[in-house]
Amino acid sequence: MATLRLFAQAREAAGTSTAQFDATTVGGVLDQAIDMWGAGFATVVEHSRVWLNGDPAQYDMVVGDRDEVAVLPPVSGG
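Residues numbered from 1 in each chain as written. Predicted model: local features only at pLDDT ≥ 70, side-chain atom pairs only at ≥ 80, totals over all residues. Heavy atoms only, no water.

Visitor: Help me out: how do you make sense of the side chain of Thr3 in this one?
Guide: Position of Thr3 among the secondary structure elements: in strand E1 (residues 2-6). The buried category is assigned to Thr3, whose relative accessible area is 14%. Within the structure, Thr3 has its side chain in polar contact with the side chain of Gln20 (distance 3.3 Å). (Helix = DSSP H or I, 4+ residues; strand = E, 2+ residues; numbered from the N terminus. Buried < 20%, exposed > 50% of the residue type's maximum accessible area, 1.4 Å probe, protein only. Polar contact = N/O pair within 3.5 Å; in protein donor to acceptor, adjacent residues only side chain to side chain.)

Visitor: Where do I start with the sheet that holds strand E4 (residues 55-56) in this structure?
Guide: Backbone-to-backbone hydrogen bonds join strands into a sheet, with any given pair of strands oriented parallel or antiparallel. Strand order in the open sheet formed by five strands is E2-E1-E5-E3-E4, with mixed pairing between adjacent strands. Taken across any chain shown, the strands that pair with only one partner, and hence form the sheet edges, are strand E2 (18-21) and E4. (Pairing = 2+ DSSP bridges.)

Shown next, in the form of structure tokens:
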């Protein structure tokens, strides 16, 4: 199972900072998360950067049991 790590608005929308999903791709992990947490979470993901093991990710990238997918929403402030 791949670990999904959530930050800022993604964490707020999901109500948790981590979860595990049994998926074979980054997109599969995100699809399962959206199914679990709904449209508000989907909106956050749509505007976020997604990383796989610390590197920018594409949705078709393969994930395994030791992989970590991270959702990083845009940060504002100053």
